[in-house]
Amino acid sequence: PSLTSDFNMAEGTCGTSLTWKLNSQGELTIKGTGAMKDWERYAAPWNNYSSKVKSAVIENGVTSVGNYAFYSCGNLVSVKLPESLTRIGEFAFYNCEVLSDIVIPKKVAEIGENAFYGCKKLPEGFVLGQGSIEGGVNWKMVSDGTLTIGGSGRMPNWSSKNDVPWNSFFKGSTSIKKAVIQEGVENIGSKAFYGCSDLADVEIDFGVMDAWIQRDVIPLWNIEWIDFDSADFMVPCIDGIYYEHEF
């Protein structure tokens, strides 16, 4: 008997209440309810067919894409994600080099480390990573190299750069080039940008305090001695203790 042009090549389960099937056209469909299982590298149940996966449809009801789910699926071009999705795991789409058609649903609150590393054809402004920090601060990294930190509260003082939630963007092809600190963020934590060699622009929104900032004035407190060339004298501040000078 002859085979039809569209038949299932493989199928199975990928979570407590999730099933998957891959058809002969290279479309992988995942459906059910709840979270997808997290895997190690090359351990997803469709890994033996990874080169044949050209598109993925994850149906409504699925709440996560597991760690390493589509790791190095080199021919994966498009992925349809459901509105029920809240998490994309670590290395989920790592090295999917031709992936170009994907939209992150609004409910996604966490995108794991290196989830889209090596995806060279993602649309401009695509969200590469995002998450929240205990205390009310949140962050988002997009494909043009802009890291935005918002919300309200304080960043922690991290003891190691490896503990910083956006550390996977410190270097490499998806490195941080601009940081935007929004109003409501009360501080910049220790090692927050340690080793960000490509960071060239930092934009801070000081909110209501912005009107009091004089960007053409150099503060001179706690300086014992400074040499500079000027025809004018330093101008005492109102309190008569510190000094400032306009150049």
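Everything that follows concerns the structure shown earlier in this document.
Source: prediction; values computed, not measured. (Residues numbered from 1 in each chain as written. Predicted model: local features only at pLDDT ≥ 70, side-chain atom pairs only at ≥ 80, totals over all residues. Heavy atoms only, no water.)

Colleague: I would appreciate a short explanation of unusual backbone geometry in the present structure.
Modeller: The bulk of non-glycine residues show a negative phi, and the bulk of peptide bonds are trans. In this model, Asn95 sits at a positive phi of 60°, which is unusual for a non-glycine residue. You can see Asn95 is positioned in the loop between β7 (87–88) and β8 (110–111). What makes Asn95 partly exposed here is its relative accessible area of 27%. Phi at Asn114 takes a positive value of approximately 55°, unusual for a residue other than glycine. Assignment of secondary structure puts Asn114 in the loop between β8 and β9 (127–133). (Helix = DSSP H or I, 4+ residues; strand = E, 2+ residues; numbered from the N terminus. Buried < 20%, exposed > 50% of the residue type's maximum accessible area, 1.4 Å probe, protein only.)

Colleague: Would you mind going over the side chain of Asn114 with me for this structure?
Modeller: Overall, Asn114 belongs to the buried group, its relative accessible area being 15%. If sequence neighbours within four positions are ignored, Asn114 has contacts with Phe91, Tyr94 and Ser168. (Contact = heavy atoms within 4.5 Å.)

Colleague: How should the nonpolar core be read in this particular structure?
Modeller: Nonpolar side chains in soluble globular proteins generally cluster together in the buried interior. Core analysis: the largest hydrophobic core is formed by 59 residues, its most contacted members being Trp46, Phe70, Ile88, Phe93, Phe116 and Trp166. Sorting the residues of this core by element identifies β1 (8–15), β2 (18–23), β3 (27–32), β4 (55–58), β9, β10 (137–142), β11 (146–151) and β12 (178–181) as the ones contributing at least two each. Residues within four places of Phe93 in sequence aside, it is in contact with Val65, Phe70, Leu76, Val79, Ile88, Leu99, Ile102, Ala115, Phe116, Tyr117 and Cys119. (Core = buried A, V, L, I, M, F, W, Y, C linked by side-chain atoms within 4.5 Å.)

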